[in-house]
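Examination of the molecular architecture
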Amino acid sequence: TGVKVSAARKVPEDRDVITIPSGLSAAFRHQPADDYSLIQNLIDTWRYIDYYGLPTSRYKHAGSHEFDEYNPSRNRLSKAIYIPVKQNQNTEAQKA
């Protein structure tokens, strides 16, 4: 769980501050869910990312931190998962 801040500030000892470098990210969103279906939706979204979303794209994981965004709205939770990506060199080689 994270909180966006504009600058590192004194944080409780049980928390860490990390800086996520700027760069290109792929955003994967899933349908709003209630408390009961959220976990299954997350599993399904990660399966899509791992088995279809990235492998069939021109991009691959850039190796940095992934991050999530939750948007509670009218007792429904929607979410986006952001994956840092970079151009897949194998894709470029296949085009040549």
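Worth saying up front: this structure is predicted, and the values here are computed from it rather than measured. (Residues numbered from 1 in each chain as written. Predicted model: local features only at pLDDT ≥ 70, side-chain atom pairs only at ≥ 80, totals over all residues. Heavy atoms only, no water.)

Considering the overall build of the chain
Which entries qualify depends on this criterion: Think of it this way: any DSSP run of H or I at least four residues long counts as a helix, any run of E at least two long counts as a strand, and we number them from the N terminus. Burial status follows relative accessibility: with a 1.4 Å probe on protein chains alone, a residue under 20% of its type maximum counts as buried, one over 50% as exposed, and anything between as partly exposed. Contacts: residue pairs with any heavy atoms within 4.5 Å of one another. With residues, only the protein chains shown are counted as cover, and all accessible areas are computed by Shrake-Rupley using a 1.4 Å probe.
Tallying secondary structure elements over the chain gives two helices and four strands in all. Along the chain, helices (α) and strands (β) appear in the sequence β-α-β-β-β-α when read from the amino end. Classification of the 96 residues of the chain by burial places 21% in the buried group. Sequence-distant contacts in the chain: of pairs separated by 6 or more residues, those separated by 24 or more amount to 64%. Accessible area of the chain: about 7900 Å², with a carbon and sulfur share of 50%.

Here's the deal with the pattern of salt bridges
This is how it is decided: Salt bridges are defined by distance alone: a side-chain nitrogen of Lys or Arg within 4 Å of a carboxyl oxygen of Asp or Glu.
A complete count under the given rule lists two salt bridges for this structure. Residue R47 pairs with D44 through a salt bridge whose shortest N-O separation is 3.7 Å. Here the residue R47 and the residue D44 both occupy positions in helix α1 (residues 38–53), the gap between them amounting to three residues, near one helical turn. For R47, a relative accessible area of 47% corresponds to the partly exposed category.

Section: α1
In plain terms, the rule: Here the expected length of a helix is defined as 1.5 Å per residue gap, with one fewer gap than residues. Directions from the helix axis toward the C-beta atoms define the arc.
Look at α1: only 20 Å from first C-alpha to last across 16 residues, short of the 22 Å you get at 1.5 Å a residue. Along α1, the positions that sit buried rather than exposed are L38, N41, L42, T45, I49 and G53. Down the axis, α1 shows its buried residues gathered within 105° of arc, on one side only. Residues I39 and Y51 are exposed on α1 and point more than 90 degrees away from its buried face.

Description of the packing of aromatic side chains
What counts, and what does not: Only Phe, Tyr and Trp rings are paired, with Trp represented by its six-membered ring, and only when their centres lie within 6.5 Å; those with planes under 30 degrees apart are stacked, over 60 edge-to-face, the remainder tilted.
The tally for this structure, following the rule as stated, stands at three aromatic pairs. Arranged with centres 5.2 Å apart and planes meeting at 50°, the rings of Y48 and Y52 form a pair that is tilted. With Y48 and Y52 both in helix α1 and four residues apart, this pair spans about one turn of that helix. The interplanar angle of 15° and the centroid separation of 4.9 Å between the aromatic rings of F67 and Y82 together place this pair among those described as stacked. Of this pair, F67 sits in strand β3 (residues 67–73) while Y82 sits in strand β4 (residues 76–87); the two residues are 15 residues apart in sequence, bridging distant segments of the chain.

Let's talk about the environment of L77
By the element assignment, L77 lies in strand β4. Between the C-alpha atoms of L77 and D34, which are 43 residues apart in sequence, the distance is 6.1 Å. Excluding residues that lie within four positions of it along the chain, L77 makes contacts with Q31, P32, A33, D35, L38, N71 and P72.

Some words on the side chain of H30
Looking at the secondary structure, you find H30 in strand β1 (residues 25–33). With residues near it in sequence (within four places) discarded, H30 still touches L38, N41, L42, T45 and K79.

From the geometry alone we can't say anything about function, so treat these as descriptive.
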